[in-house]
Amino acid sequence: MNPFRCAALSVVKHAYVPRGVASHPRFELVVVADDPDQLDWVHERNQKFADEYDIPYVRNVAQALAEYDVQVAVVSPEAERHCDLSVRAADAGLHVVLDKPLSTRLSECDRLVEAVERNGVKSLMWNRNFLPGLVHARELIASGEIGDPHAIHVDFYFAKDCGPPIGSRGPDDAPINWLEHQIAAHVDGSDGGVGHEPMGELKIEGIYPLAYIRMLMQADVERVFARTTAHFHQVHADNNVEDLASVSLEMTGGRLATLCIGRIGVASHPDIGEIKLHVLGSKGGLVISESRPEVSIYYRGQPPTEFRNRRIAIDNDWLLMENFAHAIDTDTETILNVRAGREIAATVEAALESGRIGQPVSVSAIPDCV
Amino acid sequence: MIRLALIGADWNSREFAAVARRIRGANFRAVCDPNREQAASAATAIGAELTASGLTELLDSLRDEFDAVVAPWDAVGIEDFAAAARAGKHILLEVAGTADSVATDELAATAGDSGARLVIGRPHRFLPSMQTLRNSIVAGQLGRPGLVRVHRWRHAEDASSTPAAVLAPDIDLVCWLLDAIPDVVFAARSGNAESSGNLLVHLGFPGGGMAMLDLSDDLPEGDNYFSLSVIGSSGSAIADDHHNQQLIFGGGHPAAARTDHAPLHRLGMLQDFVDSIVDQRDTSNSVESLRNCERIVVAIQNSRESGQAIDPGGVSS
């Protein structure tokens with residue numbers, strides 16, 4: 001069976017998505033492409049990735065799609081361009097793998113859902129639902145171990161720093177520019193929010209825990225109450241976006257979920273962060289550490305920022321792409337398609353609105369015309 | 001040496017017995033209980049020499065034999081406590097959850113008039129885990145606390161309390177750790193209508209602080225589960241039963257069990273009370289914390305019924 005030929009449409013953020021795609025033998029990266037009018041730093045990153053994989057970089061998306069006989073687009077530009085590049089790929093008949101977040105605008109999400117469904121292509125939002133702890137949780141729930149799940153509580157704290165701490169800006173200092181900060185943060189991989197529009201932690205990382213909730217509860221979010229604040233980092237305060245949030249989610253079927261999410265800083269956790277799931281069912285409960293299984297490594301001279309506990313047996317990338325290949329082969333849906341991604345984006349929008357007004361907010365449904 | 005009188009023989013006397021000899025500057029002198037046999041047994045356990053059938057008898061016949069009363073807030077009528085206060089007896093009133101704040105307010109005033117001290121005992125604050133957490137906050141190690149998360153899961157034992165009242169000690173913990181009172185409360189329930197309590201409480205505090213608490217009464221019979229985490233601006237602290245489990249292998253999947261420790265929270269609460277008398281200092285366990293807790297519990301119920309976020313400052317306790 002010939003592998004699916006894949007085009008990486010912009011690789012300006014983490015390269016983990018195209019790398020993850022390439023980890024599966026049924027997917028082969030054959031070209032990197034982007035629009036010619038992009039800024040130099042965008043072209044530089046695209047070129048660097050193309051060089052690493054020894055594939056061409058074409059500064060013309062339509063040309064690359066036409067000339068390289070690709071079936072899959074792997075889309076990882078700045079957040080604002082996710083949907084537009086994906087719509088163009090879907091309209092060209094390509095299946096689409098997208099980096100998060102889906103978009104910074106719900107209208108763009110709707111446009112993408114419409115394009116993907118109209119063209120009958122498959123879509124996959126990159127997610128962590130196949131980490132061993134999540135797979136285990138899903139198996140335990142499916143086997144009826146805790147009965148019917150009616151509540152889930154997720155902690156999702158990333159122990160990453162994000163520039164100077166809050167309160168450190170002097171009276172004569174200019175506010176930190178979001179995009180410049182994100183471009184600089186590429187060095188240590190903490191540039192998940194790269195884009196022109198500032199994004200808080202809910203928009204940048206919220207899809208991961210919200211995808212856990214969606215997968216394990218098999219329910220839609222109807223209403224949201226949230227508290228949001230900039231608590232840790234000056235860049236968030238300067239750009240009026242949150243780096244700490246708590247969200248209550250009322251779901252279909254009387255189910256409840258909560259999410260505590262924050263970019264808590266390197267000093268606040270010995271590993272990548274406290275990421276834990278608490279699930280309550282009619283017959284019992286589950287407490288699942290997302291990071292386990294792991295192995296602890298301690299040694300003299302260990303850099304303070306090196307994780308003491310290392311995750312093991314992580315098959316998430318391969319399993320995501322196996323799921324994607326299966327969806328293409330059998331014309332079924334992926335574990336997190338763009339319609340689900342749009343619902344998560346709407347949940348995030350509702351949470352941010354709730355944080356602003358201090359009252360619960362209903363989650364906006366996908367328009368009927370989509 | 002301050003001489004303590006314990007009101008209620010079956011009230012945690014085993015825990016008091018485990019720590020009675022470790023109190024600095026005080027000892028137990030008497031035990032009151034309508035059941036004389038139980039009173040005598042408890043007295044032996046905690047090293048007290050005297051017994052009485054109740055606080056009234058103690059005041060009538062042994063008034064000069066004790067200096068302070070240790071009791072749960074509903075052990076006797078508030079008038080009996082008031083009589084003890086008028087007699088100049090200091091009072092440690094243990095309130096794990098909520099209590100009538102108006103009555104305790106009046107009691108505090110009565111005690112103040114006679115130079116006695118009323119201390120509201122919050123035993124949960126003295127748990128070793130919570131003391132460690134609190135000390136790290138006070139030492140500034142966590143920076144500004146921004147979020148407290150509490151999970152309390154249990155097997156339903158007492159369906160007579162409302163879920164919000166069951167969560168009251170945890171609400172007190174949250175306010176104590178954040179050193180603030182919430183200005184917004186949102187609550188919701190999950191599960192079926194028959195379940196006694198699956199409650200979610202979401203609190204917002206002035207300045208951006210927040211807390212989430214969830215209660216479940218749906219665990220099967222067996223151990224409970226508790227977890228509390230604090231996210232600060234420069235650090236975090238996590239006290240989680242999940243982390244503190246030992247494994248027991250007996251075939252099949254191993255069982256997990258917590259390693260218990262001595263009831264040091266009882267000692268801490270008693271010592272804090274005794275020290276506050278000796279040093280003539282205020283404690284943080286004030287009647288005001290009761291009033292705030294009461295308001296929050298009412299706001300939780302209002303929020304559940306209305307589906308809206310509620311300002312607890314606007315509800316009357």
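Residues numbered from 1 in each chain as written. Chains lettered and ligands numbered in written order. Predicted model: local features only at pLDDT ≥ 70, side-chain atom pairs only at ≥ 80, totals over all residues. Heavy atoms only, no water.

**Some thoughts on the nonpolar core**
Part 1 of the argument: By size, the foremost hydrophobic cluster in this structure holds 77 residues, and its most contacted members are Leu9, Ile152, Leu202, Ile213, Val224 and Leu249 of chain A.
Part 2 of the argument: Sequence-distant contacts of isoleucine 152 of chain A, that is, excluding residues within four places in its chain, are made with Ile213, Leu216, Met217, Leu256, Ala257, Thr258, Leu277, His278 and Val279 of chain A. (Core = buried A, V, L, I, M, F, W, Y, C linked by side-chain atoms within 4.5 Å. Buried < 20%, exposed > 50% of the residue type's maximum accessible area, 1.4 Å probe, protein only. Contact = heavy atoms within 4.5 Å.)

**Notes on the interface of chain A and chain B**
Part 1 of the argument: The interface is formed by 45 residues belonging to chain A together with 42 residues belonging to chain B.
Part 2 of the argument: If you look at where chain A meets chain B, you find two salt bridges.
Part 3 of the argument: Notably, a salt bridge pairs lysine 276 of chain A with aspartate 240 of chain B, separated by 2.6 Å at the nearest N-O pair.
Part 4 of the argument: Residue classes in the side of chain A that touches chain B are distributed as 19 nonpolar, 18 polar and eight charged. (Salt bridge = Lys/Arg side-chain N within 4 Å of Asp/Glu carboxyl O. Nonpolar A, V, L, I, M, F, W, Y, C, P; charged D, E, K, R; others polar.)

**Some points on the state of the cysteines**
Residues and elements named next belong to chain A.
Part 1 of the argument: As enumerated under the stated definition, the model contains zero disulfides over all chains in all.
Part 2 of the argument: Cysteine 109 supplies the cysteine sulfur nearest to cysteine 83, a cysteine that is in no disulfide, at a spacing of 4.7 Å.
Part 3 of the argument: Of the residues examined, cysteine 83 reaches a relative accessible area of 0% and is grouped as buried. (Disulfide = S-S within 2.5 Å.)

**Structural notes on the pairing of strand E10 (residues 256-263) of chain A**
Residue and element names in this part refer to chain A.
Part 1 of the argument: E10 sits mainly inside the fold: eight of its eight residues count as buried.
Part 2 of the argument: Of the two faces of E10, the one holding Leu256, Thr258, Cys260 and Gly262 and the one holding Ala257, Leu259, Ile261 and Arg263 are both buried throughout.
Part 3 of the argument: In this structure, strand E7 (residues 149-158) lies alongside E10, joined through eight bridges in parallel fashion. Within E10, the position partnered with histidine 153 by the bridge is threonine 258.
Part 4 of the argument: Bridge count for strand E9 (residues 244-251) against E10 is seven bridges, and the pairing is antiparallel. (Helix = DSSP H or I, 4+ residues; strand = E, 2+ residues; numbered from the N terminus. Pairing = 2+ DSSP bridges.)

**A short note on the packing of helix H6 (residues 128-138) of chain B against helix H8 (residues 168-178) of chain B**
All names here are of chain B.
Part 1 of the argument: Relative orientation of the contacting elements H6 and H8 amounts to 25°, with a least axis distance of 10 Å. Classified by the angle their axes make, H6 and H8 are roughly parallel. Only Leu173, Trp176 and Leu177 of H8 make contact with H6, whose side of the interface consists of Met130, Gln131, Arg134 and Ile137.
Part 2 of the argument: A class-by-class count of the residues in the contact of H6 with H8 yields five nonpolar, one polar and one charged. (Axes fitted to C-alpha atoms, helices over the stretch in contact; angles between N-to-C directions. Parallel < 35°, antiparallel > 145°, perpendicular 65-115°, else oblique.)

**Notes on the packing of helix H5 (residues 106-119) of chain A against helix H12 (residues 338-357) of chain A**
All names here are of chain A.
Part 1 of the argument: Contact pair H5 / H12: the axes reach a minimum separation of 9 Å and the direction vectors enclose 170°. The pairing of H5 with H12 is recorded here as roughly antiparallel in orientation. The residues of H12 that touch H5, namely those facing Leu106, Cys109, Asp110, Leu112, Val113, Val116 and Glu117, are Val338, Arg339, Arg342, Ala345, Ala346 and Glu349.
Part 2 of the argument: When grouped by side-chain class, the residues that make up the contact of H5 with H12 number eight nonpolar, no polar and five charged.

**Describing helix H5 (residues 101-113) of chain B**
Residues and elements named next belong to chain B.
Part 1 of the argument: With 13 residues, H5 extends 18 Å from end C-alpha to end C-alpha; this agrees with the ideal 18 Å at 1.5 Å per step.
Part 2 of the argument: Among all positions of H5, only Ser101, Ala103, Thr104, Leu107 and Ala111 are buried. Here the buried residues of H5 occupy an arc of 155° about the axis, which is enough to place them on one side. The outward face of H5, more than 90 degrees from its buried face, is lined by the exposed residues Val102, Glu106 and Asp113.
Part 3 of the argument: Looking at the packing, one finds that the buried side of H5 touches helix H4 (78-86), strand E5 (90-94), strand E6 (118-121) and helix H10 (287-306).
Part 4 of the argument: Put simply, aspartate 100 is the residue that caps the front of H5, since its side-chain oxygen is 3.0 Å from the backbone nitrogen of valine 102. (Expected span 1.5 Å × (residues − 1). Arc of directions from axis to C-beta. Polar contact = N/O pair within 3.5 Å; in protein donor to acceptor, adjacent residues only side chain to side chain.)

**Points about the environment of isoleucine 183 of chain A**
Residue and element names in this part refer to chain A.
Part 1 of the argument: Tracing the backbone through its elements, the reader meets isoleucine 183 in helix H7 (residues 178-184).
Part 2 of the argument: Along the chain, isoleucine 183 and valine 12 lie 171 residues apart, while their C-alpha atoms are 9.0 Å from each other.
Part 3 of the argument: Those residues in contact with isoleucine 183 that sit more than four places away from it in its chain are Trp41 and Arg45.

**Overview of the sheet that holds strand E3 (residues 50-52) of chain B**
All names here are of chain B.
Part 1 of the argument: Across the sheet, six strands lie side by side as E3-E2-E1-E4-E5-E6; this open sheet has parallel pairing. Sheet topology places E3 and E6 at the edges, where each strand pairs with a single neighbour. Strand-to-strand twist across the sheet, computed as the mean angle between neighbouring axes with direction ignored, equals 25°.
Part 2 of the argument: Summarising the sheet, strand E1 (residues 2-7) and strand E2 (residues 26-32) pair through six bridges and their orientation is parallel. Bridge pairing in E2 places isoleucine 7 opposite cysteine 32.
Part 3 of the argument: Packed onto the sheet, H5 meets E5 and E6 and runs at close to 145° relative to E6.

**Topic: the sheet that holds strand E3 (residues 57-58) of chain A**
Hydrogen bonding along the main chain pairs the strands of a sheet, whether they run parallel or antiparallel.
Residues and elements named next belong to chain A.
Part 1 of the argument: Read from one edge to the other, the open sheet built from six strands follows the order E3-E2-E1-E4-E5-E6, with strand pairing classed as parallel. In this open sheet, the two strands that pair with only one neighbour each are E3 and strand E6 (123-125).
Part 2 of the argument: Note: strand E1 (residues 4-11) against strand E4 (residues 72-76), five bridges, orientation parallel. Its bridge partner lying in E4, valine 11 is registered against serine 76.

**Some words on the domain arrangement of chain B**
All names here are of chain B.
Part 1 of the argument: Domains assigned within chain B are domain 1 (2-122) and domain 2 (128-260 + 294-314).
Part 2 of the argument: On a C-alpha basis, the centroid separation for the pair domain 1 and domain 2 is 30 Å.
Part 3 of the argument: Taken together, the contacts link seven residues of domain 1 with five residues of domain 2.
Part 4 of the argument: Of the roughly 450 Å² buried between domain 1 and domain 2, counting both surfaces, carbon and sulfur atoms make up 53%.
Part 5 of the argument: Of all residues in domain 1, Ala96, Thr98 and Arg122 give up the largest surface area on contact with domain 2, accounting jointly for 67% of the area buried on that side. (Domains from an automatic or database assignment. Buried area = accessible area lost by both parts, 1.4 Å probe.)

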